[in-house]
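Chains, contacts and geometry: an overview
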Amino acid sequence: MKTLFAFFLLLVTCNSVMGTIPAIPADVYNHQLYYTAPATIWEETLPLGNGRLGMMPDGGVDREHIVLNEISLWSGMEADYGNPDASRSLPAIQQLLFEGKNKEAQELMYSSFVPKKPESGGTYGNYQMLADLNIDFSFPHRRKTTSENDTAPVTDYRRWLDLRDAVAYTSFTKEGIDYQREYFTSRDKDVMIIHLTASRRRALSFSAQLSRPKQGVVSMLPGIGKEEGTLLLEGTLDSGKPGREGMKYRVAMRLISKGGKQNISAERGITLTQGREAWLVLSATTSYAASGTDFSGNRYKEVCDSLLNAVTQHVQIKESHIASHRTFYDRVSLTLPFTEDDVLPTNERITRFTERESPALAALYYNYGRYLFISSTRPGSLPPNLQGLWANGVETPWNGDYHTNINIQMNHWPLEQAGLSELYQPLTALIERLIPSGEETARTFYGTHAQGWVLHMMTNIWNYTAPGEHPSWGATNTGGAWLCAHLWEHYQYTQDIEFLKRIYPVLKGASEFFYSTMVREPKHGWLVTAPTSSPENAFFVGNDPTPVSVCMGPTMDVQLLTELYTNVIEATSILECDADYAAKLREALDKFPPMQISKGGYLQEWLEDYKEQDVHHRHVSHLYGLHPGNLISPDATPELANACRETLNRRGDGGTGWSRAWKVNFWARLGDGDRAWTLFKSLLYPAVDPQTKRHGSGTFPNLFCSHPPFQIDGNYGGTAGVGEMLLQSHEGFIHLLPALPKSWHTGNFYGMKARGGISVDLEWKNGKAVKAILTATIPGIFHVKMPEGVIRAKAIIDGQSNNYTGKTISLSLPEKGECVLSFE
Ligand code: FUC
């Protein structure tokens, strides 16, 4: 422990930022969460994960409680939700909408346009925690007592999470003995490890038990010969359908120790008496078949055993784990101005942030967002759900599912820019798996003329695509269209033609659904979606005091489908196919409604200038075109951009966690860095009320975003927001420092990616870009907007130098070609 501490101090004193504030320590605080006491709530514990397995240790001294997760552990099962009443009632619903009778249309939907069975509970299922691991310690010269009676003082307590290494630690001293625990979830060996040490012989004694609030049976497998025994926790979740078994899971734990005496029993778990060093090794599997991995039948048991065996032979796998994590984590770096508050424990840093500026907290948040993403998914796994990978109960809020009217999308916003491109695979695979179900839903809900596939506003691992059970929020049917924007984005960043070929049928199928089902509204003859809703917001029709949500052609649908059609058209031209279909889409696009500005000066959310029920509503769906879409910008559409500003001012700077995160991105796209920073501060507002301990919107002590409750989308949205403040590339050019807050006056980043296949490093001083290095991953011509405040730029490519003074710098780069840009 002492050595580790010394190393830590060395890092603190050696690093300084760009030489500007030498007295202030340093880069280590950009990559570390740390605390001086054990966690008292789960949202203070430290998340670890390898994209499939997760654990969150609380660092308790007498009892360590660790919640374990496995990303595919869901109750429920695949089921048929097709409701034939839906397509039969569709013409009547549309007619009511044409007549302005939205309330009547919504009522008719309640009785007909709903899934055959209610999707919450039942077969829809929910994401569940895997298990609780409790480790009870006894310390030398004392019998194990309750913590109240145990008066031996604990000194030098510290627990921390190193984001660079993806390893968490707890260390403390008790009765002159140093104890240290080290936790990590190995990426390459696919196991969870807890490494425990004591500085004195025979000082380490504990008993480790596995349990689960329900559906968990503990048993043990005795070791053979010298091999240690294995503790097992197994169970079968509810399928939601009587007589059908749900998903099976198995957790296995083994102890390897140096010194001491081991014992294992189903009743007492695994115990170690008077040891000095020990490793608890855990693995888990479920019977869910993801991406070709066959865990059906008993195969999952074999997989679990072989994993454990592999590890018992190689307990020292920390180094390879760190190396593997760093291949992702080290791709990007960000440094922002430090202040003296940055050395505080993370919980105090968050509290202090309400009083004083601390730009480096944004760098930590950005790094934490990248860390969480790397930890919560990986190719072959599932995408991060509403809580990423981490859930601490068997009933997870909103079923811990994949909401598709903002949440799963926001989860993926930071990904490409942060250079984690291959982590798109789980989302891509999830979308592809949804298609057969989405085709079925298209036909049963919208009629036999409906082509392609549709996904409404939520899904799960069981390929759910039907509308939600309450049409007021469940009618939105552009979830799939929005996900297609992500597939397109991946293509834009990577320019990978093979990927485009693979996803073209997905995009085309999504567009075919809308092409075959959109209708002409009677007033202007515009082509619109009907019925649908603007996610979760409600409005009043005329003087009717009843709020209603069901409508035709809300602005968000128009924007999403404009992009979807445009992307399909572009794909047909790149892939040289389907020219006739592209021509039809072009014709349809001409009949879409325009984006409208309301009489109040804000961007209109619906086709009509309805009064909304809640002016502060968390969803700001109609600004999709500003972010993450690319239909509105201060340069290209100044009037619409201004209307967006009015909308945001009216909505206010509060909202749920993810809503605040989205607003950071909106203001970054509007080029207002200081306002984006204000919203970031609102996102970081301490979520736990110090007096009542109740949870509000903002950020928990472990930097998890609070909706409330914990929802990870806000973390990913906020991470994307920090990126958007520093680098944008959605308008056909690279925009350096598009929304720099005044307090971020000096800093640097490297490794951020821009669309077109390019990597960007940048250094800035006193609010002005100084030097950039652009590296092309594929050859091309890249346009860079002259950064704010810069008069002249010099570009050096391959020893050749060129000077620029205009508005844009155009660079032709070969593959791996590098350009060094200096700015004056
Ligand atoms: C959306 C939001 C809610 C919540 C839920 C999981 O429907 O409107 O605020 O985030 O997803």
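Residues numbered from 1 in each chain as written. Predicted model: local features only at pLDDT ≥ 70, side-chain atom pairs only at ≥ 80, totals over all residues. Heavy atoms only, no water.

In this section: the sheet that holds strand β8 (residues 177–185). If you trace the 9 strands from one edge of the open sheet to the other, you get β1-β6-β7-β8-β9-β16-β13-β12-β11, paired in antiparallel fashion. Whereas interior strands pair on both sides, the edge strands pair on one side only; in this sheet they are β1 (32–35) and β11 (217–221). The sheet shows a mean angle of 15° between the axes of neighbouring strands, direction not considered. (Pairing = 2+ DSSP bridges. Helix = DSSP H or I, 4+ residues; strand = E, 2+ residues; numbered from the N terminus. Axes fitted to C-alpha atoms, helices over the stretch in contact; angles between N-to-C directions.)

Okay, the nonpolar core next. Ranked by size, the top nonpolar core spans 230 residues in total, and within it L68 and F206 carry the most contacts. Sort the elements by how many residues they give to this core and helix α7 (residues 359–376) lands first, with 11 residues. The contacts of L68, once residues within four sequence positions are left out, are G54, M55, M129, L130, A131, L133, M192, L210, V251 and L282. Membership of the second largest hydrophobic core comes to 14 residues, among which are F184, I193, W279 and I317. (Core = buried A, V, L, I, M, F, W, Y, C linked by side-chain atoms within 4.5 Å. Buried < 20%, exposed > 50% of the residue type's maximum accessible area, 1.4 Å probe, protein only. Contact = heavy atoms within 4.5 Å.)

Turning our eyes to something else, we now look at unusual backbone geometry. Cis geometry marks the peptide bond from A530 to P531, where omega comes out at 0°. Structurally, P531 is set in the loop between β21 (527–528) and β22 (539–540). Backbone torsion omega between P708 and P709 reads 0°, so that peptide bond is classified as cis. Of note in this structure, K693 is not a glycine but carries a positive phi near 65°. Within the secondary structure layout, K693 lies in the loop between α17 (673–683) and β24 (698–699). Owing to a relative accessible area of 55%, K693 belongs among the exposed residues under this scheme. At D798, a position not held by glycine, the phi torsion is positive, near 55°. In this structure, D798 sits in the loop between β32 (793–797) and β33 (800–804).

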